[in-house]
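Summary of structural features
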Amino acid sequence: MFRLRVGLIIQVLASELARLRSITGSDASDMLLHLSPFEVKSMLFSLLSGRLLEDLNEDAETGVKEQRSGISSIRKQIEERKSLRKSMHASRSPGEHRFDENLLDLTEEEKAAEEKGDSDFQFGIWLRHRRIDGALNRVPPDFYSSLWDMVRRFPRGLFINRIVLHWGVTQEMTRKEIKFALQVEQVLNQIAEPEYREMIVETLALMTRMDSILKTDRPNIPKDRPFDVDSILHRANSLFVEHNRLMGTVVMECCASGKPCDGAQGMCRHFYDSAPAGEFGTAHYLIKALMEILSPT
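Please read these numbers as outputs of a predicted model, since none were measured by experiment.

**Some points on the packing of aromatic side chains**
This structure, assessed with the given rule, holds 5 aromatic pairs. Ring plane angle 40° and centroid distance 5.4 Å describe the contact between Phe 154 and Phe 227, whose orientation is recorded as tilted. Of this pair, Phe 154 sits in the loop between helix H7 (143–151) and strand S3 (158–160) while Phe 227 sits in strand S5 (residues 227–228), and the two are 73 residues apart along the sequence. Looking at Phe 227, the relative accessible area reads 5%, which means it is buried. Here Phe 271 and Tyr 285 contribute two aromatic rings whose centre-to-centre distance is 6.5 Å and whose plane-to-plane angle is 70°, an arrangement assigned as edge-to-face. Within this pair, whereas Phe 271 is found in helix H13 (residues 269–272), its partner Tyr 285 is found in helix H14 (residues 282–294), the two being separated by 14 residues in sequence. Looking at Phe 271, the relative accessible area reads 0%, which means it is buried. Taken together, the ring pairs connect Phe 240, Phe 271 and Tyr 285 into an aromatic cluster.

**Overview of the nonpolar core**
The nonpolar side chains of soluble globular proteins are, as a tendency, buried together. Within the largest apolar cluster, 52 residues are counted, with the highest numbers of intra-cluster contacts made by Leu 158, Ile 200, Leu 204, Met 207 and Phe 271. If near-sequence neighbours (up to four positions away) are discounted, Leu 204 is found in contact with Phe 143, Leu 147, Met 150, Leu 158, Ile 160, Leu 188 and Val 229. If you look at the next biggest cluster of nonpolar residues, it comprises 15 residues, including Ala 18, Ala 28, Ala 135 and Leu 136.

**Comments concerning the pattern of salt bridges**
Tallied over the entire structure, the rule returns 11 salt bridges. Among the salt bridges present, the one from Asp 133 reaches Arg 138, with a minimum N-O distance of 2.8 Å. When its relative accessible area of 24% is taken as the criterion, Arg 138 is described as partly exposed. Note that Glu 292 is salt-bridged to Arg 235, the shortest N-O span being 2.7 Å. Here Arg 235 lies in helix H12 (residues 229–247) and Glu 292 lies in helix H14, a separation of 57 residues in the sequence.

Calculation criteria
Residues numbered from 1 in each chain as written. Predicted model: local features only at pLDDT ≥ 70, side-chain atom pairs only at ≥ 80, totals over all residues. Heavy atoms only, no water. Phe/Tyr/Trp six-rings, centres within 6.5 Å; stacked < 30°, edge-to-face > 60°. Helix = DSSP H or I, 4+ residues; strand = E, 2+ residues; numbered from the N terminus. Buried < 20%, exposed > 50% of the residue type's maximum accessible area, 1.4 Å probe, protein only. Core = buried A, V, L, I, M, F, W, Y, C linked by side-chain atoms within 4.5 Å. Contact = heavy atoms within 4.5 Å. Salt bridge = Lys/Arg side-chain N within 4 Å of Asp/Glu carboxyl O.

Structure representation (structure tokens):
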């Protein structure tokens, strides 16, 4: 992170405020302007430290605070009991004394906490994380040096959001040079939507490891034109929508039924809201798209 896009940070603060107070975006922007300097400072501190904003104190004395209702402790107990039940079933032998499993049943409070956790933390959290990371221009460790190595392999450069990152920059700048990082960041900062910027960063990070992903050192790199990075992302989104259409998930309410949702750059908002890793994570679909587009013919 070499530059801060203050305008995007303000937008993210306003959107978080709108979510917390269940108000419109314009009302949230107006409320943000009327907060005390301490409250704004507290919100910025939470945002920059990587935590999602949880609540804004009504009496304006403590600013932004994290909800400390004991939910995390209850969740830990839930997971411990589930783990213990599984280990008991796996290790039980015939004739062994039967343990009273009712002692491991969840209490009403724990069941309510588990249901609340499922409803509160499933939807929207990854989209918000990506918006925050995109607004703060965050990138993975060694991102720029790895990208320098990758750009050298594309003779016509990379086409990112209708802007070309030329191959020649690797001849003018070294892989550790801050000027190269600033050049890349300048291209990424032309992306208006922070969540789309973050997805482009995830795509580029995977492309830096394309040899191990494709199991070849000769990927199908175009020689006559810049390589379109956005095409990988949009193809991954199409794979995500099609896969979820077959499974009949919540995507059926929008993109899978032919009703495009309000996701940035025409992509499904549920794709932005997917975890980066895992069987149904964004990396799963990005790797599939990479293999389709860059695998040798």
